[in-house]
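Structural characterization, general
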Amino acid sequence: MKGGIKKFLIIFLSCLGFFGVVGIFCGLMLNKDVEEEPNYDDLTLTYREETYDESVKGMKIYAGDVFTATTESTDKLTAKVTAIKLEEDITFTINEKTYSWNEDVAGEEWTGAFGVDVNQDEKSVTVGATLEEAMNAYALTTAGTGANIVYGTLPAVDMFRLTVAVGEQSLDVDFSALAKATQITLDTDRIVFEP
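In this report, we go over the structure that sits alongside the text.

Parameters at a glance
Residues numbered from 1 in each chain as written. Predicted model: local features only at pLDDT ≥ 70, side-chain atom pairs only at ≥ 80, totals over all residues. Heavy atoms only, no water. 1 Å grid on protein atoms, 1.4 Å probe; cavity = no way out; pocket = protein on both sides within 12 Å on 5 of 7 lines; lining within 4 Å. Points joined across faces, edges and corners; volume = space filled by probe spheres on them. Helix = DSSP H or I, 4+ residues; strand = E, 2+ residues; numbered from the N terminus. Pairing = 2+ DSSP bridges. Axes fitted to C-alpha atoms, helices over the stretch in contact; angles between N-to-C directions. Contact = heavy atoms within 4.5 Å. Patch = residues over 30% accessible without salt bridge, like charges linked within 9 Å, V, L, I, M, F, W, Y side chains within 5 Å. Areas by Shrake-Rupley, 256 points an atom, 1.4 Å probe, with all protein chains shown as cover. Salt bridge = Lys/Arg side-chain N within 4 Å of Asp/Glu carboxyl O. Lys, Arg positive; Asp, Glu negative; His and termini not counted. Charge placed at Lys NZ, Arg CZ, Asp CG, Glu CD. Buried < 20%, exposed > 50% of the residue type's maximum accessible area, 1.4 Å probe, protein only.

A few words now on empty space enclosed by the protein. Across all of its chains, the model carries 1 cavity of 30 Å³ or more by this definition. One number sums up the size of the largest cavity: a volume of about 30 Å³. Along its surface, the largest cavity is lined by Leu 45, Tyr 52, Glu 54, Val 56, Met 59, Phe 67, Leu 171 and Val 173. For the lining of the largest cavity, the secondary structure elements donating two or more residues are strand S3 (56–62) and strand S12 (169–178).

This part is about the sheet that holds strand S11 (residues 160–166). Taking strand neighbours across the sheet as the criterion, the 4 strands line up as S3-S12-S11-S5 in an open arrangement whose pairing is mixed. Only two strands of the sheet have a single partner each, and these edge strands are S3 and strand S5 (77–83). The mean inter-strand angle of the sheet, taken between neighbouring strand axes irrespective of direction, is 35°. With 7 bridges connecting them, S11 and S12 associate as antiparallel partners. In the strand pairing of S12, Val 166 is matched with Gln 169.

Our next topic: the sheet that holds strand S10 (residues 149–150). Strand order in the open sheet made by the 3 strands is S7-S6-S10, with antiparallel pairing throughout. With partners counted over all chains shown, the strands left at the sheet margins are strand S7 (97–100) and S10, one partner each. Alignment of strand S6 (residues 91–94) against S7, held across 4 bridges, turns out to be antiparallel. In the sheet register, Phe 92 faces S7, and the bridge partner there is Tyr 99. Along the sheet face, helix H3 (residues 131–143) touches S6, S7 and S10 and points at about 55° away from the line of S6.

This brings us to a negative patch on the surface. On the surface, a cluster of negative charge is made up of Asp 89, Glu 103, Asp 104 and Glu 108. Positionally, Asp 104 belongs in helix H2 (residues 101–105).

Following the criterion strictly, the structure yields 2 salt bridges and no others. We note a salt bridge from Asp 65 to Arg 48, for which the minimum N-O separation is 3.0 Å. With Asp 65 in strand S4 (residues 65–70) and Arg 48 in the loop between strand S1 (44–47) and strand S2 (50–52), the pair connects residues that are 17 residues apart, well separated along the chain. Accessibility expressed as a relative area gives 7% for Asp 65, which makes it buried. The closest approach of N and O atoms between Asp 174 and Arg 161, which form a salt bridge, is 2.6 Å. Remark: Arg 161 occurs in strand S11 and Asp 174 occurs in strand S12; sequence separation between them is 13 residues.

Don't take any of this as a statement about function, it's just geometry.
The following block contains the structure:
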């Protein structure tokens, strides 16, 4: 009887070892064919010759300004503008209906209102509209053709968030939008150069 148990244990352990080796080999062969997606963490944005590798606040953006993304990822570049809550709420009217920024507007997407253009070839994002143009576009989408928007002086604080993403990576830029200066006029009749 002792010989039978010994023989059984030898066969059992041999089979166990054989199937263990086969299982490891099969696992390695299956994983060999699966290529893991690289995990990029190298997204940077360049704006006005400054490069940012993390989210930023307090940015002043002019209509027509361009952000250029740099990354090793080949994923598609996307951009979205969202209204953000203000420390001090403001109100405005569209067709005589009063809107609260924090209650009615914050969280809404403004990408179209700002005319955001994404260029995949150049990996760039252009913010195409001034704040006034964006407010008028918002009024049109909210109340339709002929919408009349009335607002006072808007605060020079972060009112919007531009999120630029490539694959799983993204950077946020909190900003206030300004009008682009297109002409400078000097208020003088002469310029004097002195030695």
